[in-house]
Amino acid sequence: MKHFVSCTCEGERCSICGEPATHKVGEEVGFDDFEIRHNFTAYVCCEHFRMIFGPAVFCPQPTE
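Please read these numbers as outputs of a predicted model, since none were measured by experiment.

Novice: How do you make sense of the overall build of the protein when you look at a structure like this?
Specialist: Looking only at helices and strands, the protein features one helix and four strands. Counting from the amino terminus, the protein carries its helices and strands in the arrangement β-β-β-α-β. Principal axes of the C-alpha set define a box for the protein whose edges measure 40 × 25 × 20 Å. Burial analysis of the protein (64 residues in total) assigns 28% to the buried set. Of all intrachain contacts in the protein linking residues separated by at least 6 positions in sequence, the fraction that spans at least 24 positions is 46%. With an accessible surface of roughly 5000 Å², the protein has 57% of that area assigned to carbon and sulfur atoms.

In structure tokens form, the structure reads like this:
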């Protein structure tokens, strides 16, 4: 089974290993963070997505 890869990942590379990115990970800004800013984002491959979120993540090979 393969998973959907958003077009927002097109041309992006994993910020950890440099492989093509298949996931966009964003920081959730807390309600008590009063600094006006955009949340930080990072593009990562499936391997590093699982590393960030743990073994419960289902991440089969991405579609091309």
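Novice: Explain a nonpolar patch on the surface here, please?
Specialist: A contiguous nonpolar patch, built from Ile16, Met51, Ile52 and Phe53 and spanning about 410 Å² of accessible area, is present on the exposed surface. Locating Met51 in the fold gives a position in helix α1 (residues 46-53). By relative accessible area, which is 55% here, Met51 ends up exposed.

Novice: Is there a simple way to think about the side chain of His23 in this case?
Specialist: Looking at the secondary structure, you find His23 in strand β2 (residues 23-26). Take His23: its relative accessible area is 13%, and that puts it in the buried class. Setting aside residues up to four positions removed in sequence, His23 forms contacts with His3, Cys9, Ala42, Tyr43, Val44, Cys45, Cys46, Phe49 and Cys59.

Novice: Sorry if this is basic, but what is going on with α1 here?
Specialist: Within the sequence span of α1, burial applies to Cys46, His48 and Phe49. Buried residues of α1, seen end-on, are gathered within an arc of 165° and therefore sit on one face of the element. Facing away from the buried side of α1, by more than 90 degrees, are the exposed residues Glu47 and Met51. Following α1 by one or two positions, Gly54 adopts a phi angle in the positive range, close to 95°.

Novice: What is the right way to look at the packing of aromatic side chains in this model?
Specialist: In this description, an aromatic ring pair is defined by two values, namely the gap between the centres and the angle between the planes. Evaluation of the coordinates by the stated rule reveals one aromatic pair. Summarising the aromatic geometry, the rings of Phe49 and Phe53 are spaced 5.0 Å apart at their centres and angled 50° between planes, so their arrangement reads as tilted. One end of the pair is Phe49 and the other is Phe53, both in helix α1 and four residues apart, which spans about a single turn. On the basis of relative accessible area, Phe53 is assigned to the partly exposed category, the value being 48%.

Quick notes on the rules
- Residues numbered from 1 in each chain as written.
- Predicted model: local features only at pLDDT ≥ 70, side-chain atom pairs only at ≥ 80, totals over all residues.
- Heavy atoms only, no water.
- Helix = DSSP H or I, 4+ residues; strand = E, 2+ residues; numbered from the N terminus.
- Buried < 20%, exposed > 50% of the residue type's maximum accessible area, 1.4 Å probe, protein only.
- Contact = heavy atoms within 4.5 Å.
- Areas by Shrake-Rupley, 256 points an atom, 1.4 Å probe, with all protein chains shown as cover.
- Patch = residues over 30% accessible without salt bridge, like charges linked within 9 Å, V, L, I, M, F, W, Y side chains within 5 Å.
- Salt bridge = Lys/Arg side-chain N within 4 Å of Asp/Glu carboxyl O.
- Arc of directions from axis to C-beta.
- Phe/Tyr/Trp six-rings, centres within 6.5 Å; stacked < 30°, edge-to-face > 60°.

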